[in-house]
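# Breakdown of the fold
Spelled out, the chains give:
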Amino acid sequence: MSAPTTRVIAVEEHAWTPELRSALIDSGDDDTVTWFSNSGMISHRLLDVDEERVARMDAAGVDLQVLSITTPGTQSLPSALAVPLARDANDFLFDAVQRRPDRFAAFATLPTPDPDAAAVELRRCIHELSFVGAMLFPRTGPNLLDHNRFRPIFEAAAELGAPLYLHPGIPPAAVREACYDGFDFATSLMLSTGGWGWHAEAGLAALRLILAGTFDRHPDLQLILGHWGEMLVSFADRADALSGTSTHLDRHVLEYITSNVYATAGGILSHRMLRQALDVLGADRLMFALDDPYNGGSLDARGFINSAPMSLEDRQKFAHLNAERLLLG
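In this report, the structure presented in the accompanying data block is examined. These figures come from a predicted structure and were not determined experimentally. The numbers attached to residues start from 1 for each chain and follow its sequence in the written order. Per-residue local features of the predicted model are confined to residues with pLDDT of at least 70, and side-chain atom pairs are confined, for both listing and counting, to 80 or more; whole-chain, interface and lining totals are unaffected and use all residues. With hydrogens and water set aside, each side-chain value is computed from the structure's full complement of heavy atoms.

## Some words on empty space enclosed by the protein
Our working definition: Here the term cavity refers to a set of points on a 1 Å grid, laid over the protein atoms alone, in which a 1.4 Å probe fits but cannot get out; the term pocket refers to an open set having protein on both sides within 12 Å along at least five of seven lines, with lining residues being those that place an atom within 4 Å of a point. Grid points are joined across faces, edges and corners, and a volume is the space filled by probe spheres set on the points. Secondary structure elements are taken from DSSP: a helix is a run of H or I of four residues or more, a strand is a run of E of two residues or more, and numbering for both begins at the N terminus. Note on residue categories: nonpolar means Ala, Val, Leu, Ile, Met, Phe, Trp, Tyr, Cys or Pro, charged means Asp, Glu, Lys or Arg, and polar means any other residue, Gly included.
Summed over the entire model, instances satisfying the criterion amount to one cavity of 30 Å³ or more. Considering only enclosed or pocket space, the largest cavity measures out at about 60 Å³ in volume. For the lining of the largest cavity, the secondary structure elements donating two or more residues are α7 (151-160) and α11 (214-217). Broken down by element, the residue count for the lining of the largest cavity peaks at three residues, all from α7. When grouped by side-chain class, the residues that make up the lining of the largest cavity number four nonpolar, three polar and four charged.

## Brief notes about the pairing of strand β10 (residues 261-264)
The condition is simple: Exposed residues in this analysis have more than 50% of their type's maximum accessible area, buried residues have under 20%, and partly exposed residues fall in between, with area computed by a 1.4 Å probe over protein chains only. Here, strands pair whenever DSSP counts at least two bridges between them. The handedness rule is simple: strands pointing away from the viewer, and a clockwise path from the first strand over the helix to the second, make the crossover right-handed.
Neither face of β10 is left uncovered, since the one carrying V261 and A263 and the one carrying Y262 and T264 both have all their residues buried. Pairing of β10 with strand β11 (residues 286-287) involves two bridges; the strand directions are parallel. Bridge pairing in β11 links T264 to M287. The parallel pair β10 and β11, bridged by helix α14 (residues 271-281), forms a crossover whose chirality is right-handed.

## A few points about the sheet that holds strand β8 (residues 164-166)
Across the sheet, which stays open at both edges, the six strands sit in the order β4-β5-β8-β9-β10-β11 with parallel pairing between neighbours. For this open sheet the edge positions go to β4 (108-109) and β11, each flanked by a neighbour on one side alone. As defined by bridge partners, β8 adjoins strand β9 (residues 223-225) across three bridges and the pair is classed as parallel. Counterpart to L164 in the pairing with β9 is L223.

## Observations concerning the environment of V233
To be explicit about the condition: Pairs of residues are marked as contacts when any of their non-hydrogen atoms sit within 4.5 Å.
Relative to the assigned elements, V233 resides in the loop between β9 and α12 (236-239). The spacing of V233 and V261 is 28 residues in sequence and 8.8 Å in space, taken between C-alpha atoms. Aside from chain neighbours lying at most four places away, what touches V233 is W228, I257, V261, A277, V280 and L281.

## Comments concerning helix α10 (residues 197-211)
Going by this rule: Take the number of residues in a helix, subtract one, and multiply by 1.5 Å to get its expected span.
Here α10 is 15 residues long and its end C-alpha atoms lie 21 Å apart, about the 21 Å a rise of 1.5 Å per residue gives. Burial analysis of α10 places eleven of its 15 residues in the buried class, the great majority of the element. Buried within α10 are the following residues: G197, W198, H199, E201, A202, G203, A205, A206, L207, L209 and I210. Once α10 finishes, G213 follows within two positions and takes phi at roughly 80°, a positive value.

## Here's the deal with the packing of aromatic side chains
The condition that has to hold: Here a pair means two rings of Phe, Tyr or Trp (six-membered ring of Trp) with centres within 6.5 Å. Their orientation is stacked below 30 degrees between planes, edge-to-face above 60, and tilted elsewhere.
Counted under the stated rule, the structure contains four aromatic pairs. Arranged with centres 5.7 Å apart and planes meeting at 65°, the rings of F107 and Y165 form a pair that is edge-to-face. On the criterion of sequence distance, the pair formed by F107 in the loop between β3 (104-106) and β4 and Y165 in strand β8 is long-range, its members being 58 residues apart. A residue is classified by how much of its surface remains accessible, and Y165, at 0% relative accessible area, is buried. Ring geometry for F304 and F318: centres 6.5 Å apart, planes at 65°, overall edge-to-face.

## Section: unusual backbone geometry
The omega angle of the peptide bond from T71 to P72 is 5°, so this bond is cis rather than trans. Along the chain, the position of P72 falls in the loop between β2 (64-69) and α5 (79-99). Following D292, the chain continues to P293 via a peptide bond in cis, the omega torsion being 10°. Backbone geometry places H227, a non-glycine residue, at a positive phi of 50°. By the element assignment, H227 lies in the loop between β9 and α12. A residue is classified by how much of its surface remains accessible, and H227, at 9% relative accessible area, is buried. Non-glycine residue W228 carries a positive phi angle of around 60°. Along the chain, the position of W228 falls in the loop between β9 and α12.

## A few points about the side chain of S192
Just so we agree on the cut-off: Any N or O atom pair separated by 3.5 Å or less is treated as a polar contact, with the protein-specific requirement of one donor-capable and one acceptor-capable atom, and with residues adjacent in sequence counted only for side-chain atom pairs.
Note on placement: S192 falls in helix α9 (residues 185-192). One polar contact links the side chain of S192 to the main-chain carbonyl oxygen of L189, over a distance of 2.9 Å.

## Section: the nonpolar core
Which entries qualify depends on this criterion: Here, the term nonpolar core denotes a set of buried Ala, Val, Leu, Ile, Met, Phe, Trp, Tyr and Cys residues that are joined through side-chain atoms within 4.5 Å.
F288 and F318 are the most contacted members of the largest nonpolar core, which has 82 residues in total. Core analysis: the second largest hydrophobic core is formed by 17 residues, F137, Y165, M287 and A289 among them.

## Describing the sheet that holds β3
Keep this limit in mind: Interaxial angle, 0 to 180 degrees, is taken between N-to-C directions of lines fitted to C-alpha atoms, where a helix line uses only the stretch in contact.
Pairing is parallel across the open sheet formed by three strands, whose spatial order is β1-β2-β3. In this open sheet, the two edge strands, each paired with only one partner strand, are β1 (9-15) and β3. On average, each strand axis in the sheet is inclined to that of its neighbour by 35°, with strand direction left out of account. With respect to the sheet, helix α4 (residues 51-60) is in contact with β1, β2 and β3, its orientation differing from that of β2 by roughly 130°.

Geometry only, nothing functional implied.
Following this line, the structure appears as structure tokens:
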């Protein structure tokens, strides 16, 4: 093994607030919320942005976390609830960063049920709170993010130069029933979320943003996908077949993937998946993420990076340099 990396930044690290947790439970729209809430330890860790979290970071070898509100953010709530709860959640993250700027940065959570308010909140988070971007989830109600009503959010992000992290969300009930049900509750839920459905949703949402011309309107806008590219990166060559029919686009689909998309580990510490993402995107577009607190302090971030099949220069990019350039520069 060559010299170890000097710093590790993890960019998909989650939290929530008591008020948002209660509102999501009351809405009953996302079974993952109930699942997290019923796990007292997970809920406790999501609420904690202090010393227990820092201790997990130290155990895993993570120097800095980019905090974000966990799925589904405020996107499944009515506008009247989503707008104030998003603002309060962002203030919660800001307070955590202010207390420990050496250990934390933050992505904004946005009240997409009111796209104009979401754009205003993004501007506040970037200008006033010094956040490093925003985290979005694939759907608001039945609509994926390429719907025209969400354009104000992408216009604001492009204007601000704010990267957008597209995190998975649970598929709609009809999709779950058609594609993922038929097993015991835990298996069906996992199949529709972390076992497959989450990632199919996120990859589809990203691909539709490309096909909708989002990156023609905003060619410098950068999208971050977790879990080694949410299936889109691993299927990039096949997705490029859409270039033959999508003649309204300025570029080939593969070109958007390789110039407007970053991928993170998303807590999947797999060198095999790293190699594939590296082959598609190159070392300048990979970042590390541990998915705390779902993986807690049980994973060795620094050990995974230091043993990765990459040059020392590329490991440094993956571990911290790319995140510093894109998010913290």
